[in-house]
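Structure assessment
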Amino acid sequence: MFDNDENMLNNTEKKGIFKRFLLWLKMVSKSLRIRIGLVIIIIGIVIPLLTCLYLYGEIENSMIDMKMDRLLSQSNILKNNILKEGYLESRESEAINAELAQLSAMYDGRVLIIDSDFKIIKDTYVMDEGKNVISRNVILSFQGNNISIYRKNENYIEISLPIMNEKKKTIGVLYAEFSTNDIKYSMENIKKNMKMIVEFTSIVFIIFGIIISRLFVKPLKKVKESFEKINYGYVDFDKKIDSYTEMEDMFDSVNESLKRMKKIDDSRQEFVSNVSHELKTPMTSIKVLADSLAGQENVPAEIYKDFFEDITKEIDRENDIISNLLALVRTEKNNAVLNIAPTNINDMMEGILKIVRPIASQKNIELVLESFRPIEAEVDEMKLASAMTNLVENAVKYNVVDGWVRVTLNADHQYFYIKVADSGVGIPEDSIDLVFERFYRVDKDRARKSGGTGLGLAITKNIIVLHNGEIKVYSKEGEGTTFNVRIPLTYVSN
Ligand code: ADP
């Protein structure tokens, strides 16, 4: 019972260790450094090993082939001499005996001469003379076959040659076995040397693999350190890293997106602080007005009225800012809901001018609409009309007495164009790029007095962008301003 418990405990422990080992292996195998190192080491071991194995086989084969060739030619010479000397009949020849002895001594072998009765008439080992042979190869040779076989496991070469007379009749067989121990010893020596080479190259490649993988991964570590610095808030976007070109490119593009994110973050913060400031200003004015009224006693009714009028103005302003902010939010790309319908742009613009005309006439401003052709386009009429009203109102607002405002409508097969030009105060060159920014006003005091919140052009631009259009501004201080709007006739949602 207890034994079983202990076994189970051991098993779960073993499983835990095994699991941890697998996890470790998975982690390690994901490391680029380990992978590069392993590849170099494996190549460094496998290639020399395979080369040595191949060479070993080739050397052994060619040594055997050479020995076999030599033995065959020697045996053939001997066979011919046996025939010439009539050794099979006489069974006596000093010369042949000497040759036989020499052959077997030189090549460490045993040579047998067998007559047509399968009887051994000569054995260089003397042991089997007079005995009969009925080995398969000898019989094959009696049938006229030359046989030469390398018996690898038994370590010898077997040769069996038919001795034929002039009539091509086999009258005997020369049978020999030669030891291949010399080749075996040579091969063992070669094996030893090759083993040393493989061991040496393996060690060299292991060291090489470790060094190379370290060097290879080093620049990547630099990238990691740089990213860590960014994480800790140390941001230097223009910093370059010294690494691989691909890594440098990657680092640059990450930096670019971080820069963009920072810009968005900065502008969001700026927007929040601008909103707070803009909302606070009328509140402060209201508080000052109310406090001063409260601090006085027996205030005449007209003063009360004046103060309350001022307070109402500030409340209206606060309202304007809030409704403009809401309009801005509603026209942001992510929040906007468009109500697209075919709209007569000429009628829309005429309606806008009708509304603005009374304000224009206060400053004796000439307000003209020039239409080159009837235009029907797919737009959200409410939103686009508010955007265009803002442009025309601005053209009147920032105009001089007796000035003019000219609205021109045109279209081609793809777009319609609205141009709002005025003879007003113009926009200074350094402000031109900023007029579409939220809360931007060229002259803060003037704009405030004229009721501007600085959000009008930001909303206008948002609406035009929602219609996949474009707005451009050209202006010269003291001469006037022109806004050019271009919007596709057909709406394509994207
Ligand atoms: P605002 O509510 O202050 O008019 P806008 O976003 O509509 O805000 O305009 C931003 C600023 O651009 C204005 O404060 C003004 O200085 C400048 N501006 C806009 N339109 C014109 C124009 N037609 N002529 C001169 N300045 C202009």
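A brief structural summary. (Residues numbered from 1 in each chain as written. Predicted model: local features only at pLDDT ≥ 70, side-chain atom pairs only at ≥ 80, totals over all residues. Heavy atoms only, no water.)

1. Brief notes about the pairing of strand β9 (residues 404-411)
Judged from the six bridges that link them, strand β7 (residues 366-371) and β9 form a sheet pairing that is parallel. Bridged to Leu-369 within β9 is Val-407. Relative to strand β10 (residues 415-422), β9 runs antiparallel, the two sharing seven bridges. Each bridged residue has a counterpart across the sheet, and for Val-407 the counterpart in β10 is Val-420. Linking two consecutive strands that pair antiparallel, namely β9 and β10, is a turn of three residues. (Pairing = 2+ DSSP bridges. Helix = DSSP H or I, 4+ residues; strand = E, 2+ residues; numbered from the N terminus.)

2. Digging into the site of the ligand
If you check the shell around the ligand, you find 20 residues, and the closest are Asn-394, Tyr-398, Asp-422, Thr-453 and Leu-457. One of the backbone N or O atoms of Thr-453 is found 3.0 Å from an oxygen atom in the ligand. A distance of 2.7 Å separates an oxygen atom of the ligand from a polar backbone atom of Leu-457. In isolation the ligand exposes 530 Å². Once the protein is present, 97% of that is buried. Listed by contribution, the elements that provide at least two residues to the shell around the ligand are α10 (381-397), α12 (456-466) and β12 (480-488). (Near = heavy atom within 4 Å. Polar contact = N/O pair within 3.5 Å; in protein donor to acceptor, adjacent residues only side chain to side chain. Areas by Shrake-Rupley, 256 points an atom, 1.4 Å probe, with all protein chains shown as cover.)

3. Some remarks on the packing of aromatic side chains
All chains considered together, the criterion is met by nine aromatic pairs. On the numbers, 6.3 Å between centres and 80° between planes, the contact of Tyr-107 with Phe-178 is edge-to-face. Of this pair, Tyr-107 sits in the loop between α4 (94-106) and β1 (109-115) while Phe-178 sits in strand β5 (residues 170-179); the two residues are 71 residues apart in sequence, bridging distant segments of the chain. Comparing Tyr-107 with Phe-178 shows no difference in burial state: the two are buried. (Phe/Tyr/Trp six-rings, centres within 6.5 Å; stacked < 30°, edge-to-face > 60°. Buried < 20%, exposed > 50% of the residue type's maximum accessible area, 1.4 Å probe, protein only.)

4. Quick notes on α12
A large share of α12 lies buried, amounting to nine of its eleven residues. What α12 keeps buried is the set Gly-456, Leu-457, Ala-458, Ile-459, Thr-460, Asn-462, Ile-463, Ile-464 and Leu-466. Taken together, the buried residues of α12 touch α8 (301-330), α10, β11 (470-476) and β12. Of the residues trailing α12, Asn-468 is marked for its positive phi of about 60°. (Contact = heavy atoms within 4.5 Å.)

5. Details of the side chain of His-467
Note on placement: His-467 falls in the loop between α12 and β11. Residue classification places His-467 among the buried residues on the basis of a relative accessible area of 1%. Each residue touching His-467, except ones within four places of it in the same chain, is listed here: Leu-338, Ile-340, Glu-378, Val-379, Asp-380, Leu-384, Ile-487, Pro-488 and Tyr-491.

6. Observations concerning a nonpolar patch on the surface
Residues Ile-34, Leu-38, Ile-42, Val-46, Leu-49, Leu-50 and Leu-53 make up a contiguous nonpolar surface patch of about 610 Å² in total accessible area. By the element assignment, Leu-53 lies in helix α2 (residues 32-85). Classification of Leu-53 by relative accessible area gives exposed; the value is 55%. (Patch = residues over 30% accessible without salt bridge, like charges linked within 9 Å, V, L, I, M, F, W, Y side chains within 5 Å. Salt bridge = Lys/Arg side-chain N within 4 Å of Asp/Glu carboxyl O.)

7. Concerning the sheet that holds β7
Spatially, the five strands line up as an open sheet ordered β7-β9-β10-β12-β11, and their pairing is mixed. Edge positions in the sheet fall to β7 and β11, since each of these pairs with one other strand and no more. When strand polarity is set aside, the average angle formed by the axes of neighbouring strands in this sheet is 10°. In the packing of helix α9 (residues 345-362) onto the sheet, the strands contacted are β7, β9 and β10, and the crossing angle to β7 comes to about 175°. (Axes fitted to C-alpha atoms, helices over the stretch in contact; angles between N-to-C directions.)

8. Topic: the packing of α8 against α12
Put simply, α8 and α12 touch, their axes get as near as 9 Å, and they point 25° apart. On the basis of the axis angle, α8 is roughly parallel to α12. The chirality of how α8 crosses α12 is left-handed. Here α8 contributes Asn-324, Ala-327 and Leu-328 to the contact with α12, which in turn contributes Ala-458, Ile-459 and Asn-462. (Parallel < 35°, antiparallel > 145°, perpendicular 65-115°, else oblique. Left-handed = near helix turned anticlockwise from the far one by under 90°.)

9. Quick notes on the sheet that holds strand β4 (residues 156-164)
Strand order in the open sheet formed by five strands is β2-β1-β5-β4-β3, and the pairing between neighbours is antiparallel. The open sheet terminates on both sides in strands that have one partner only, identified here as β2 (120-123) and β3 (147-151). Between one strand axis and the next, the sheet turns through 15° on average, direction left out of account. Examined bridge by bridge, β4 and β5 share nine bridges and lie antiparallel to one another.

10. Remarks on the pattern of salt bridges
One pass over the full model with this rule turns up 16 salt bridges. With its nearest N and O atoms 3.1 Å apart, the salt bridge here joins Lys-287 to Asp-291. Here Lys-287 pairs with Asp-291, and both are found in helix α7 (residues 245-295), just four residues apart, close to one helical turn. When its relative accessible area of 52% is taken as the criterion, Lys-287 is described as exposed. For Asp-291, a relative accessible area of 43% corresponds to the partly exposed category. The partner of Lys-472 in a salt bridge is Glu-470, and the shortest N-O contact between them spans 3.5 Å. For Glu-470, a relative accessible area of 37% gives the class partly exposed. Put simply, Arg-110, Asp-123, Asp-128 and Lys-131 are held in one network by salt bridges that share partners.

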